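Fold and contact review
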Amino acid sequence: MPREKPTDRNAPPAIVWFRRDLRIDDNPALDAAARSGAPLLPVFILDPDEMPGAASLWWLHHSLTSLSDALRRRGAPLILRRGRPADILPRLAAETGAKAIFWNRCYEPHAVARDKALKSVLAEEGVEVSSFNGSLLAEPWQVKTGNGDPYKVFTPFWRSLSQQVFDAPLAAPEKFTGATPAASDALNDWNLLPVKPDWAGGLRETWQPGEQGAQDRLAAFVDERMSAYRDARDLPDREGTSRLSPHLHWGEVSPRRIWHVARAAAEAQTGSAAAAESFLREVGWRDFAFHLVFHWPGMVSENWKSEFDAFPWASDDAAFLAWTKGKTGYPLVDAGMRELWQTGWMHNRVRMVAASFLIKHLMIDWRRGAEWFEDTLVDADLAVNRASWQWVAGSGADAAPYFRIFNPVLQGEKFDPAGEYVRSYVPELAMLDARHIHRPWEAPSDVLAKAGVTLGKSYPKPIVDHGVARARALAAYEEFRK
Ligand code: FAD
């Protein structure tokens, strides 16, 4: 597409502030800045008030490397600055004479407040802000009930969202005119990667952060796995889902691009775009989480249903530690927690079971679990994570009822029937047969001996009895609701 105005390299630059949109493709803020005719000054700011968890920092380092290469190749190198955006951006505009800033909107409470304040500070300095939707299928105020209210229930939300028409994605521009580069930090000086110990080996083996990695994963998923997604998505023993979540979190691919690619592939494969529905519905759950958090910002830290404020949470540090280390004695929970530790990701079915175990079997506050996930997940996302934990706890909007308590043994037998998922993350149980792998404490001693398992030594005994824990959780639930 031709630019609206020819770019004058000496004109005041347009700052493009990259936040959670670390891509060139289908990036509305970048596209609008390029079309404005001003030379571009792309910037990423590491905000000390908004530091991601350790696994996400690892991802961010690699994603910034990839974005920086892509921008440099196109003529506009990425500037890195560390500090509060409220200090950095006005200073950068003053340094460079920029009169315009472009960004894609964020929706979490702190980001909304920060951006609102920044807009007025920048306006006073004569810098115009233009903001866009680059992260959601539809923005939280664009999906409304018949009464004009936000949705609280997913199914009608999805019905309304999925009927909207999403514009075609914007192609990645091939070339930009860069502004005279401003001073930049060196990425390595930010020390985002772990050293001593370098625990990121499993992350390196599993992921390719950056826009190219996101595009490759999307293409491979729609070609090879999307048609089986509906049946395979609940099975952790195979790669049945897209694993796009960290790429989506950092905005290395847009949900709008995913929507169009998935529907086009489904149409080519089956003659109907509807074959992409069950996958796109999950992308819709992501939009729903942002919708909830935007309209009920308190839910990132407080129970959405305030009656849960009276819940008698336990403060059992030993049990919490066993959960984080994957040593609860329940193989499916332990496999999930170790998958998380090794790869920075956990299968959705197992996230539900592991979260339910913490909240209901151990009666530990969902916020402690959410914080652990935020430190260890490569896809840690405040809106999705908090909404999901509240969903499991029963305290959230459209949540699973509290009294639905996952049985980790039955969940294992149903969704990992041969025990292959457990075998790959809990090697001390690898030789146990499928009949006992999800309930090793019921295995006869000769079976355990043959499999090289000594309960309480090579693998823990269950830290709580399922039946006892279930009864305790239900009794607590009845009590606090009185
Ligand atoms: P796919 O099944 O391929 O789905 C495609 C995309 O849809 C995902 O990449 C994701 O962006 C979105 N999606 C899928 N499932 C959900 C869901 N249940 N809710 C909202 N969006 C969804 N997801 C995160 O991205 N970040 C988190 O911090 C996070 N924390 C979670 C915590 C708990 C306790 C639970 C139960 C779920 C959490 N999820 C989180 C949701 C979900 O588990 C992951 O999005 C999913 O497992 C990612 O794998 P995938 O990309 O292969 O998903």
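Residues numbered from 1 in each chain as written. Predicted model: local features only at pLDDT ≥ 70, side-chain atom pairs only at ≥ 80, totals over all residues. Heavy atoms only, no water.

Observations concerning the sheet that holds strand β5 (residues 128–132)
Rules: Pairing between two strands requires that DSSP report at least two bridges joining them. Starting at the N terminus, helices and strands are each numbered in turn, a helix being any DSSP run of H or I of at least four residues and a strand any DSSP run of E of at least two. A fitted line through C-alpha atoms represents every axis, and for helices the fit uses only the stretch in contact; the resulting angles, taken between N-to-C directions, go from 0 to 180 degrees. The contact rule is simple, with two residues in contact once any of their heavy atoms fall within 4.5 Å.
Read across the sheet, 5 strands follow the order β3-β2-β1-β4-β5 without closing on themselves; strand pairing throughout is parallel. Each end of this open sheet is capped by a strand with a single partner; those strands are β3 (79–82) and β5. In this sheet, adjacent strand axes meet at a mean angle of 25° when their direction is disregarded. As paired elements, strand β1 (residues 14–18) and strand β2 (residues 40–46) share 5 bridges and run parallel to each other. By the bridge assignment for β2, Phe18 is matched with Phe44. This element, helix α4 (residues 109–124), spans β1, β4 (100–104) and β5 of the sheet and lies at about 165° to β4.

Things to note about the site of the ligand
Here is the rule: Only heavy atoms are used to decide nearness, and a residue is near a molecule or strand if one of them lies within 4 Å of it. Here a polar contact means two N or O atoms within 3.5 Å. Within protein one must be a hydrogen donor candidate and the other an acceptor candidate, and residues neighboring in sequence count only if both atoms are side-chain atoms. Note on areas: Shrake-Rupley, 1.4 Å probe, and residue coverage restricted to the protein chains presented here.
Surveying the vicinity of the ligand reveals 27 residues, the closest of which are Tyr229, Thr241, Ser242, Arg243 and Asn348. Trp345 places a side-chain nitrogen or oxygen 3.5 Å from an oxygen atom of the ligand. The backbone of Asp379 places a nitrogen or oxygen atom 2.8 Å from a nitrogen atom of the ligand. Protein contacts shield 94% of the accessible area of the ligand, which totals 830 Å² for the unbound molecule. Counting residues per element, the ones that place at least two in the shell around the ligand are α9 (245–249), α11 (277–295), α14 (348–361) and α16 (382–393). Per element, the largest residue contribution to the shell around the ligand is 5 residues, and it comes from α11.

Some details on the side chain of Gln411
Test applied: For the exposure calls, accessible area comes from a 1.4 Å probe over protein chains only, and a residue counts as buried if that area is under 20% of its type's maximum, exposed if over 50%, partly exposed in between.
Along the chain, Gln411 turns up in helix α17 (residues 408–415). Judged by its relative accessible area of 12%, Gln411 is buried. Contacts of Gln411, omitting those with residues within four sequence positions, involve Leu332, Arg349, Val353, Phe406 and Asp416.

Regarding the environment of Ala100
With respect to the element layout, Ala100 can be found in strand β4. Note: C-alpha distance between Ala100 and Tyr402 (302 residues apart in sequence) is 49 Å. Leave out the neighbours within four places in its chain, and Ala100 touches Pro13, Ala14, Ile15, Val127 and Glu128.

Observations concerning the domain arrangement of the protein chain
Often, the extent of an interface is quoted as the loss of accessible area on bringing the components together. What counts is decided by this rule: Where each domain begins and ends follows an automated or database-derived domain assignment. The term buried area denotes the loss of accessible surface (1.4 Å probe radius) that occurs when two parts are joined, taken as the sum for both partners. Here, a salt bridge means any side-chain nitrogen of Lys or Arg that lies within 4 Å of a carboxyl oxygen of Asp or Glu.
We note that the domain assignment places domain 1 (14–134), domain 2 (136–168 + 206–295) and domain 3 (306–480) within the protein chain. Placing a centre on the C-alpha atoms of domain 2 and another on those of domain 3 gives a separation of 27 Å. Listed per partner, the contact involves 24 residues of domain 2 and 22 residues of domain 3. Both sides of the domain 2 and domain 3 interface together cover about 1,900 Å² of buried area, and 62% of this is carbon and sulfur. In this assembly, domain 2 and domain 3 are joined by 1 salt bridge. Here Asp234 ties to Arg349 by a salt bridge, and the two come within 3.1 Å at their closest N and O atoms. Linking domain 2 with domain 3 are 8 residue pairs in polar contact (both at pLDDT 80 or more), by the criterion used here. Mapped by element, the contributors of at least two residues to the side of domain 2 that touches domain 3 are α5 (154–162), α9 and α11. It is α11 that contributes the most residues to the side of domain 2 that touches domain 3, 7 residues altogether.

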